[in-house]
There are 2 protein chains.
Amino acid sequence: MPVYSISHVENVRICVVMVGLPARGKSLISQKIVRYLSWLSIKSKCFNVGNYRRGIAKDAVITADFFDPHNPEGLHFRKQAIDAAIVDMMRWFTEENGVVGILDATNSTRSRRNKILKICRENYIEPMFLESWCDDKELILHNIADVKTTSPDYVTRSSEFATKDFLKRIELYESIYETLDPAKDANLTFIKLVNVNSQIILNRIETYLESRIVYYVMNLHIKPRSIWLSRHGESQFNLTGQIGGDADLSERGWRYAKKLPELVLKSLGEEHKHTNLTVWTSTLKRTQQTASFLPYKKLQWKALDELDAGECDGMTYEEIEVAFPEDFKARDDNKYEYRYRGGESYRDIVIRLEPIIMELERQENILIITHQAVLRCLYAYFMNVPQEESPWMSIPLHTLIKLEPRAYSTLVSRIKADIPAVSTYKEKGTSQLGESKSGVSISKSRDLLNTNDVV
Amino acid sequence: MPVYSISHVENVRICVVMVGLPARGKSLISQKIVRYLSWLSIKSKCFNVGNYRRGIAKDAVITADFFDPHNPEGLHFRKQAIDAAIVDMMRWFTEENGVVGILDATNSTRSRRNKILKICRENYIEPMFLESWCDDKELILHNIADVKTTSPDYVTRSSEFATKDFLKRIELYESIYETLDPAKDANLTFIKLVNVNSQIILNRIETYLESRIVYYVMNLHIKPRSIWLSRHGESQFNLTGQIGGDADLSERGWRYAKKLPELVLKSLGEEHKHTNLTVWTSTLKRTQQTASFLPYKKLQWKALDELDAGECDGMTYEEIEVAFPEDFKARDDNKYEYRYRGGESYRDIVIRLEPIIMELERQENILIITHQAVLRCLYAYFMNVPQEESPWMSIPLHTLIKLEPRAYSTLVSRIKADIPAVSTYKEKGTSQLGESKSGVSISKSRDLLNTNDVV
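Residues numbered from 1 in each chain as written. Chains lettered and ligands numbered in written order. Predicted model: local features only at pLDDT ≥ 70, side-chain atom pairs only at ≥ 80, totals over all residues. Heavy atoms only, no water.

Draft legend 1. Layout of the packing of helix 1 (residues 26-39) of chain A against helix 7 (residues 208-218) of chain A. Residue and element names in this part refer to chain A. Interhelical geometry of helix 1 versus helix 7 gives an angle of 120° and a closest axis separation of 11 Å. Judged by the inter-axis angle, helix 1 sits oblique to helix 7. As for how helix 1 packs across helix 7, the hand of that crossing is right-handed. Facing helix 1, whose interface residues are Ile29, Lys32, Ile33, Tyr36 and Leu37, helix 7 presents Leu209, Arg212, Ile213, Tyr216 and Val217. Considered class by class, the residues forming the contact of helix 1 with helix 7 number eight nonpolar, no polar and two charged. (Axes fitted to C-alpha atoms, helices over the stretch in contact; angles between N-to-C directions. Helix = DSSP H or I, 4+ residues; strand = E, 2+ residues; numbered from the N terminus. Parallel < 35°, antiparallel > 145°, perpendicular 65-115°, else oblique. Left-handed = near helix turned anticlockwise from the far one by under 90°. Contact = heavy atoms within 4.5 Å. Nonpolar A, V, L, I, M, F, W, Y, C, P; charged D, E, K, R; others polar.)

This is the structure we're talking about:
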């Protein structure tokens, strides 16, 4: 009897069909949903029709004219692109057991949407339409500025040309655009977001997975903000190589705690030094001691407590290897799924962190002081690290990590405190602690999405 | 630094203003929200204007004519009632630190709603309108059937009279009713439910608490169903009086497991013996062994694991009293908040059970086999038991509890297996186990709401 997370109650496959004019944030929303669901181990993939079109119409000149509904060449390529994306998606559902596929395109007419609906129904996939509708001029111009700097369609073009051409492209789509209508589309399952989420219309949301996607999308905002992550300062248990427990900081750990306010100010820069932020800690002493010199509002969360090592709590890795040799090996073989006797696995942590992630999406500037395993899971969410890799990431002590979510990537910066600390990184196949060589290093900044475009 | 649950991030007070014609399920929704938020320790209260009106217009004849918008006497009493309810609510916010107050009335005109809006703003309360709009004839007739059997206005009337009179009352309201309109009411924070939740319109949902209420309401359904609760069969640890651990069932525990399928069938009755249900267990052996003879689909949830007793895991209450006398006393003094060293409190369990509750609201027939503390928390949710009482409820072994949620109450039945088991009930102030005398007994069926009416 396998262990289920709350996300596995149903046996349902969903095709999220994006709907919206260009520059309405469809790709951003698509990518965020894929990242969130993947983090929850729900197999998800985005099929960006713009990428297909670029592959198919390699040699075509891509200016606004290409998107004119009366341009037969453009229409031909664009139809080929959407067909190819849908074929790939259906194959992915069948052959790779996909659960949530996202069709990222404008899908601007009712006739197009009806075709997709029909294909989904023939393949026993639940279609859920997700429209981003927006008439907020400022928001649209902000999105256009993003697109013109990131879209492969405009890499060789001047900024002025890109803006003008893209506005023309939008106009051409507007001429045929049909928004989702609660009356005309009453039979569809859909979410319609009006100006980000100042108004949301939900129609026939029925399955649990659909309701999770709705709740996630509801909580997204687009205000600029930063998130800081830090492990607690070095603890007495770190010095002796013991895991778990509720030890105090070591002398060097206290030095880190005292230095932390300065690191935060440094990361804010002179210009933003008065920025307000909130500090979240776990309920364990070492995180609260680490936060104790920070002049900000503080909140404690049980959900940020370290992975519960159960019977191994308070032991060193060497002791665990002697006492439970088979468990020790099993954990190395599948560290994400391995659950300590009477304790937790990484998967268990992800489930208890889910409300924290939702709250983080809603909040603005937050500094989180937590523990190695929990920090790995949080980092994996923001940086889209596959779950099987996340337990092997090296996240050193006495280092402040700053994440700045951008439209299509997250910027990472690390500020080292220059206070020595033991390494708590255990390489696969050994019980020795030492610096990571093979693990994924946290200094790598991953792009979440390299393309953003409309077909 | 107090420990915060996810519900305490903001410092916001909300007045949920119900909107809707009679027989649209407003009181049911109001009561469920109050129950859910109270369970999460968010201070909530419903102000039912119908009750105020009955108090004020004690001697008036309450037939449909009373609700005629042209009847000055009726209007006078009804205005007095709503004014009194609002005054009480504002006093409750200020003097009793209320967080979410619900004004349960039809609030059918824009002018009435504007008055409430103004009072809320003057008192720094965020108004959130929640409309239940329904044109599904079957649903309305179903609700009317409920009202006429539960409303104090019709206790002395025949069923025929009640139905006819109530329909007339609805008509009178319809003549002046103004539904929430995304265009006209664009500046309000509101949720509009169309035919339960086949369509939902959300407007300007901004705070975390508002989004929690939205998500909860989104997940409610009104299909009839049952929920069964059982503790695992007697375990080896129960025999020795030890808490926690992951012990196997005792010989008598196995007898309970073998008998459980028969108890479930008995509770279903001959007519429904083929009803399908799903069994949820924790990840601990004793619950899975208890489920092992049940011929239904099974799911394991880490969130259903027993309260983690931390350093006391595996000890008896006598041993805990000797080893940690102060903790032992502190737990008796405030059992809901007391967190075992390195372990959990009841409050911690409630936080991790929240997704389980949400999923239970979505599902139909579910049988949960779990542990004493977890079962107390689940039971407290369904039966509206105050959180300070819930840790002291006596929930004996070898007993199947069946809950049948109804519109304004939950029916409880208990089926005892007639297989002896030790008592695991510890009375306050002692370390001895024995049958509960002072604890709240589970056999008591509490009504969630005794009144349902419109003003």
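From this point, the narrative continues.
Draft legend 2. Representation of the packing of helix 7 of chain A against helix 13 (residues 346-362) of chain A in the model. All names here are of chain A. Closest axis-to-axis distance for the helix 7/helix 13 pair is 9 Å, and the angle between their directions is 35°. On the side of helix 7, the interface is formed by Arg212, Tyr215 and Tyr216, while helix 13 contributes Glu354, Met358 and Glu361. By residue class, the composition of the contact of helix 7 with helix 13 is three nonpolar, no polar and three charged.

Draft legend 3. Here's a closer look at the interface of chain A and chain B. If you look at the interface, chain A gives 43 residues, while chain B gives 43 residues. Summing the contributions of chain A and of chain B, the shared interface buries around 3800 Å²; its carbon and sulfur component is 58%. Summed over the shared surface of chain A and chain B, the number is zero salt bridges. For the interface between chain A and chain B, the tally reads 14 residue pairs in polar contact (both at pLDDT 80 or more). Broken down by element, the side of chain A that touches chain B gets its largest block of residues, six residues, from helix 7 of chain A. Here the residues of the side of chain A that touches chain B sort into 18 nonpolar, 13 polar and twelve charged. Sheet topology places strand 6 (residues 199-203) of chain A next to strand 6 (residues 199-203) of chain B; five bridges connect them, and they run antiparallel. (Buried area = accessible area lost by both parts, 1.4 Å probe. Salt bridge = Lys/Arg side-chain N within 4 Å of Asp/Glu carboxyl O. Polar contact = N/O pair within 3.5 Å; in protein donor to acceptor, adjacent residues only side chain to side chain. Pairing = 2+ DSSP bridges.)

Draft legend 4. Representation of the domain arrangement of chain A. Residue and element names in this part refer to chain A. As far as domains go, chain A holds domain 1 (12-218) and domain 2 (227-454). Listed by partner, the interface residues are 30 residues for domain 1 and 23 residues for domain 2. Taken together, both faces of the contact between domain 1 and domain 2 bury some 2400 Å²; the carbon and sulfur share is 55%. When the buried area of domain 1 at its contact with domain 2 is split by residue, Gln31, Arg35 and Trp39 rank highest and sum to 34% of it. Where domain 1 touches domain 2, the interface holds two salt bridges. Of the charged contacts in the structure, one is a salt bridge between Lys32 and Glu361, with a shortest N-O distance of 2.9 Å. Where domain 1 packs against domain 2, one counts eight residue pairs in polar contact (both at pLDDT 80 or more). Taken together, the elements giving at least two residues each to the side of domain 1 that touches domain 2 come down to helix 1, helix 2 (49-56), helix 5 (137-150), helix 6 (159-174) and helix 7. When residues in the side of domain 1 that touches domain 2 are grouped by element, the largest group, nine residues, is from helix 1. Its residues placed into classes, the side of domain 1 that touches domain 2 shows eleven nonpolar, ten polar and nine charged. (Domains from an automatic or database assignment.)

Draft legend 5. The arrangement of the state of the cysteines in detail. Residues and elements named next belong to chain B. Within the structure shown, the criterion is met by zero disulfides over all chains. Unpaired in this structure, Cys120 has its nearest cysteine sulfur neighbour in Cys15, at a distance of 4.0 Å. Cys46 provides the cysteine sulfur closest to Cys134, a residue in no disulfide bond, and the two sulfurs are 20 Å apart. (Disulfide = S-S within 2.5 Å.)

Draft legend 6. Focus on the relation of the copies chain A and chain B. The transform that puts chain A on chain B rotates by 180° and translates by 0.0 Å along the axis, for an RMSD of 0.1 Å. In short, the pair behaves as if placed about a two-fold rotation axis. The C-alpha atom lying nearest the rotation axis in chain A is that of Ile201(A); the distance is 2.2 Å. When the interface residues of chain A are mapped onto chain B, 100% of them again fall at the interface, so both copies present the same face. (Least-squares fit on C-alpha atoms with pLDDT ≥ 70 in both.)

Draft legend 7. View of the environment of Thr278(A). Residues and elements named next belong to chain A. Mapped onto the elements, Thr278 comes out in strand 8 (residues 278-281). On the basis of relative accessible area, Thr278 is assigned to the buried category, the value being 18%. Note: C-alpha distance between Thr278 and Lys298 (20 residues apart in sequence) is 5.9 Å. When near neighbours in sequence (up to four residues on either side) are disregarded, Thr278 contacts Lys297, Leu299, Asn365, Ile366 and Leu367. (Buried < 20%, exposed > 50% of the residue type's maximum accessible area, 1.4 Å probe, protein only.)

Draft legend 8. Structural detail: the sheet that holds strand 12 (residues 410-416) of chain A. Residues and elements named next belong to chain A. Strand order in the open sheet formed by six strands is 9-8-10-7-11-12, with mixed pairing between adjacent strands. Lying at the two open borders of the sheet, with one neighbouring strand each, are strand 9 (297-300) and strand 12. Strand-to-strand twist in this sheet, taken as the mean axis angle between neighbours without regard to direction, amounts to 20°. Here strand 11 (residues 399-405) pairs with strand 12 via seven bridges, running antiparallel. Pairing of Thr399 across the sheet is with Lys416, part of strand 12.

Draft legend 9. A look at the UniProt feature "binding site: substrate" (unreviewed entry) in chain A. Residue and element names in this part refer to chain A. As recorded in UniProt, the sites labelled "binding site: substrate" (unreviewed entry) are Arg231, His232, Gly233, Glu234, Ser235, Gln236, Phe237, Asn238 and Arg286. A maximum C-alpha distance of 14.2 Å places the annotated residues, which cover 56 residues in sequence, within one compact spot. Within the secondary structure, Glu234 is located in the loop between strand 7 (227-231) and helix 8 (236-240). Look at Glu234 and you get buried, because its relative accessible area is 1%. Sequence-distant contacts of Glu234, that is, excluding residues within four places in its chain, are made with Leu239, Leu249, Ser250, Arg252, Gly253, Leu397, His398, Pro420, Ala421 and Val422. Of note is the side chain of Glu234, whose polar atom sits 2.7 Å from the side chain of Ser250. Setting aside residues no more than four positions away along its own chain, Phe237 makes contact with Gln242, Ile243, Gly244, Gly245, Ala247 and Gly314. (UniProt positions renumbered as here; feature names shortened; annotations may be inferred.)

Draft legend 10. View of helix 6 of chain A. Residue and element names in this part refer to chain A. An ideal rise of 1.5 Å per residue puts 22 Å on 16 residues; helix 6 measures up with 23 Å between its terminal C-alpha atoms. For helix 6, the set of buried residues is Ala162, Asp165, Phe166, Arg169, Ile170, Leu172 and Tyr173. For helix 6, the angular spread of the buried residues around the axis is 155°, confining them to a single face. Seen from the buried face of helix 6, the exposed residues on the opposite side, beyond 90 degrees, are Glu160, Lys164 and Glu171. (Expected span 1.5 Å × (residues − 1). Arc of directions from axis to C-beta.)

Draft legend 11. Local environment of the packing of aromatic side chains. All chains considered together, the criterion is met by 25 aromatic pairs over all chains. Residues Tyr381(A) and Phe382(A) carry aromatic rings whose centres are separated by 5.0 Å and whose planes lie at 80° to one another, so their mutual orientation is edge-to-face. The class for Tyr381(A) is buried, based on a relative accessible area of 0%. The buried category is assigned to Phe382(A), whose relative accessible area is 2%. Here the aromatic rings of Trp39(B) and Tyr381(B) are separated by 5.5 Å at their centres, their planes lie at 75°, and the arrangement is edge-to-face. Residue Trp39(B) is located in helix 1 (residues 26-39), and its partner Tyr381(B) is located in helix 14 (residues 372-383); the two are separated by 342 residues in the primary sequence. Tyr381(B) matches Trp39(B) in its accessibility class, with the two residues each being buried. (Phe/Tyr/Trp six-rings, centres within 6.5 Å; stacked < 30°, edge-to-face > 60°.)

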